[in-house]
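Descriptive structure summary
Read off the chains here:
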Amino acid sequence: GAVAVVCLASFLTLRLILDRELNASIVNVASIQAASLTDGVAGNMHFHEWELSPDEADSVRELIRYAEVWDQNGTSLLRSRFMAVDLPLDRAALAAAGEGELVWREQRFGEIPVRSLYYPLARLGPAHASHVLQVAAPLGPRDEMMNRLILFLAGLIAAMGAGSFLGGWWLAGRTVRPVAEIIDQAEAIGAGSLDRRIQAWGDTREYARLVEVLNTMLSRIESGFETQMRFTADASHELRSPLTALRGEIEIALRRTRSDDEYREVLHSNLEEILRMSRVIEDLLLLARADAGVQAVSRGPTELSALINQTLDRFRTRTAERNIRIEVRGRESVRDVPVDGGLLGQVLWNLADNATRFSPEGGRVLLSIETSADLLVLTVSDSGPGLGAEPDRVFDRFFRLDPVRTPGGGADEGSSGTGLGLSIVRAIVQAMGGTVVSANRSEGGARFTVTIPLSAVAGPSPPPDSHGGRLGARIVMKAT
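What comes next concerns the included structure. Chains are numbered independently. Their residues run from 1 in the order of the written sequence. Predicted model: local features are reported for residues with pLDDT of at least 70 only, side-chain atom pairs are reported and counted for 80 or more only, and whole-chain, interface and lining totals are derived from all residues. Side-chain numbers here rest on the full set of heavy atoms in the structure, without hydrogens or water.

1. Some points on the pairing of strand β9 (residues 364-371)
Relative to β9, strand β7 (residues 325-329) is paired through five bridges, and the arrangement is parallel. Looking across to β9, one finds that R329 is bridged to S368. As judged from the six bridges shared by β9 and strand β10 (residues 375-381), these two strands associate in the antiparallel manner. Residue S368 lies in a different strand from β10, and its bridge partner there is T379. Linkage of β9 to β10, two consecutive antiparallel strands, is achieved through a turn of three residues. Any two strands with at least two DSSP-identified bridges between them are counted as paired. Comment: elements are numbered from the N terminus, with helices defined as DSSP H or I runs of at least four residues and strands as E runs of at least two.

2. Here we look at the side chain of S359
Following the sequence through the fold, S359 ends up in the loop between α9 (341-358) and β9. Engagement of the side chain of S359 in a polar contact is seen with the backbone oxygen of A355, the distance being 2.6 Å. Apart from the residues lying within four places of it in its own chain, the contact partners of S359 are R322, I324, R364, V365, D382, S383 and G384. Polar contact is the term for a pair of N or O atoms within 3.5 Å; when the atoms are in protein, one must be able to donate a hydrogen and the other to accept it, and sequence-neighboring residues count only if both atoms are side-chain atoms. For this analysis, residues touch if any pair of their heavy atoms sits within 4.5 Å.

3. Things to note about helix α1 (residues 2-37)
Here the expected span of a helix is defined as 1.5 Å times the quantity of residues minus one. The terminal C-alpha atoms of α1 lie 52 Å apart, and with 36 residues this matches the ideal 52 Å at 1.5 Å per residue to within 8%. Among the residues making up α1, those that are buried are C7, F11, D19, L22, I26, A30, Q33, A34, S36 and L37. The secondary structure elements touched by the buried residues of α1 are β1 (66-71), β2 (76-79), β3 (103-109), β4 (112-120), β5 (131-138) and α4 (140-187). Only protein chains enter the calculation, and the probe is 1.4 Å; a residue is then buried if its accessible area is under 20% of its type maximum, exposed if over 50%, and partly exposed in between.

4. Notes on the pattern of salt bridges
Counted as salt bridges are all cases of a side-chain nitrogen of Lys or Arg within 4 Å of a carboxyl oxygen of Asp or Glu. Going through the model one piece at a time under the given rule, you end up with 23 salt bridges. Here E222 ties to R197 by a salt bridge, and the two come within 2.6 Å at their closest N and O atoms. Highlighted residues: E222 in helix α5 (residues 205-253) and R197 in the loop between α4 and α5, separated in sequence by 25 residues. With relative accessibility at 18%, the residue E222 sits in the buried group. In this structure, R318 and D353 form a salt bridge, with 2.8 Å as the shortest nitrogen-oxygen distance. Taken together, the residues span a long stretch of sequence, with R318 in helix α8 (residues 316-322) and D353 in helix α9 at a distance of 35 residues. With relative accessibility at 23%, the residue R318 sits in the partly exposed group. Residue class for D353 comes out buried when judged on its relative accessible area of 0%. A single salt-bridge network, built from bridges that share partners, covers R15, D19, E106, R115, R142 and D143.

5. Points about the packing of aromatic side chains
Between rings of Phe, Tyr and Trp, where Trp is taken as its six-membered ring, a pair exists when centres lie within 6.5 Å; planes separated by under 30 degrees are stacked, by over 60 edge-to-face, and by other angles tilted. Taken as a whole and judged by the stated rule, the model has four aromatic pairs. Ring geometry for Y66 versus F109: centroids 5.2 Å apart, planes at 75 degrees, classification edge-to-face. With Y66 in strand β1 and F109 in strand β3, this residue pair connects regions lying 43 residues apart in the sequence. For Y66, a relative accessible area of 12% corresponds to the buried category. Given a relative accessible area of 12%, F109 falls into the buried group. Their ring planes at 85 degrees and their centres at 6.2 Å tell us that F395 and F448 sit as a pair that is edge-to-face. Residue F395 is located in the loop between β10 and α10 (421-431), and its partner F448 is located in strand β12 (residues 446-453); the two are separated by 53 residues in the primary sequence.

6. Section: helix α3 (residues 91-98)
Among all positions of α3, only A93, L94, A96 and A97 are buried. In an axial view of α3, the angular spread of the buried residues amounts to 165 degrees, which keeps them on one side of the axis. Looking at the buried side of α3, the elements it contacts are β1, β3, β4 and β5. Backbone nitrogen of A92 and a side-chain oxygen of the N-cap are separated by 3.1 Å at the start of α3; the cap is D90. Just past α3, the residue G100 takes up positive phi, approximately 100 degrees. As used here, the arc belongs to the directions running from the helix axis to the C-beta atoms.

7. What about the environment of F47?
Relative to the helices and strands, F47 is located in the loop between α1 and α2 (54-61). Here F47 falls in the buried class, since its relative accessible area comes to 0%. Remark: the alpha-carbon pair of F47 and E68, spanning 21 residues in sequence, is separated by 9.3 Å.

8. Focus on the sheet that holds β5
The antiparallel open sheet is built from five strands, whose spatial order is β2-β1-β5-β4-β3. The outermost strands of the open sheet, each flanked by one partner alone, are β2 and β3. Between one strand axis and the next, the sheet turns through 25 degrees on average, direction left out of account. Bridge count between β1 and β5: six bridges; the pairing is antiparallel. Bridged to W70 within β5 is V132. Against the sheet, α1 contacts β1, β2, β3, β4 and β5, and its axis sits at roughly 50 degrees relative to β4. Angular values range over 0 to 180 degrees, each being the angle between N-to-C directions of two axes fitted as lines to C-alpha atoms, with helices fitted over their stretch in contact.

9. Observations regarding the sheet that holds β12
Here five strands make up an open sheet; going across it, the order is β7-β9-β10-β12-β11 and the pairing mixed. Every other strand in the sheet has two partners, leaving β7 and β11 (435-440) as the edge strands with one partner each. Here the average twist between neighbouring strands, direction ignored, is 15 degrees.

10. What to know about unusual backbone geometry
If you check the backbone angles, N323 has positive phi at about 55 degrees while not being a glycine. Secondary-structure assignment places N323 in the loop between α8 and β7. A relative accessible area of 56% places N323 in the exposed class.

11. A look at a nonpolar patch on the surface
Like-charged residues are merged into a patch within 9 Å and nonpolar side chains (Val, Leu, Ile, Met, Phe, Trp, Tyr) within 5 Å, provided each residue has over 30% relative accessible area and no salt bridge. Areas reported as accessible are Shrake-Rupley estimates using a 1.4 Å probe. Residue values count occlusion only from the protein chains shown. A surface patch of nonpolar side chains, amounting to about 390 Å² of accessible area, comprises V3, F152, L156, I157 and M160. For the nonpolar patch, the leading source of residues is α4, giving four residues. With respect to the secondary-structure elements, L156 resides in helix α4.

Here it is as structure tokens:
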């Protein structure tokens, strides 16, 4: 488009220049011819060409070369010797020239396009008051030059267009080829080869960041995939164990006839395994809803003091048997807060259960509550052995710490002993728009800090993967 505009501007500019030069030349010739007409009396007018040799006249005729004198009635008084017929006469232009104006016209002289100047001779003296000189120049040389220019510009545009097309084709191929190679390597990575990374063009500055981002994303996918595989294996193990126990006890019970008390004992044992399996399934369903971002959060005024009392009452037997003291701070200043009481109660229950389960006999559990206009902060600390070198891993599903920390289960087993308690805590807190942080206390033991926003809280969303991204995200390209 820009090339076409430049070519059009060049064409119009050259034509304007040629027309101005031609007009100036015609005016000069008309002035010379008019001066020659005043050399004699009327009737003895002549043109300068009569004083030239035929060869000279022919050379002049190729430049400007047609002249004729008219009277006001349109009668030809004198014409150039090289004209076999009169010039085409425009009577309106003749009348205007008779009034003393210089008039321009483009006409056809036979088959030749010409530009004519009607030159009033009255300005040269009273002898020529009724005479008008018409001087015409052929437009063929100008038109031929313009046609050549058109062909040149058309060729130039075609050449530039072809060059641009070929250059664009080459550049596009050079640009797309690395992308195609990266795509080929990415497509070759499947579920069984997530440990592979993209190597193509990774050392090229223009594509290094793209390759790095894709490899980082592959690392996240690999980590998430491995986590899901471990989770599936652990879940299968947790569900297989009670089923195996059920099957074994039932098979033993059916080997011979037993008494009512023996059958009753088997049924009680089976019921315990069924309840354990039900708790695992319920916990898995809760985590699945949280992963899918559909965990419902219903906010309403919740009396935290009453909720804490209800939760701690469920631990009276355990704490009394092991002489564990539970201390609550900040309960007196807490009023109704806009949270989901059911979900917050489950968070409190799992944290308190985890703390009392792993606190030593005669230990101490501290529950601290702080509220403001925008935040609710819950802190649960225990006096147990701590969380090890990687405190954040206790939120992984079915994660097991050192046996010293996990007698009879995992550090995050919670009341149900499913190994999912702290995973559920994190899922619920994230669904409520908050965060939960685990840490080792300097004086020994573990500390869990839950922060929940109380205003402008977003709805549930899928939890981030271990690298801070979201495995459920998709890349969307906007068409333009």
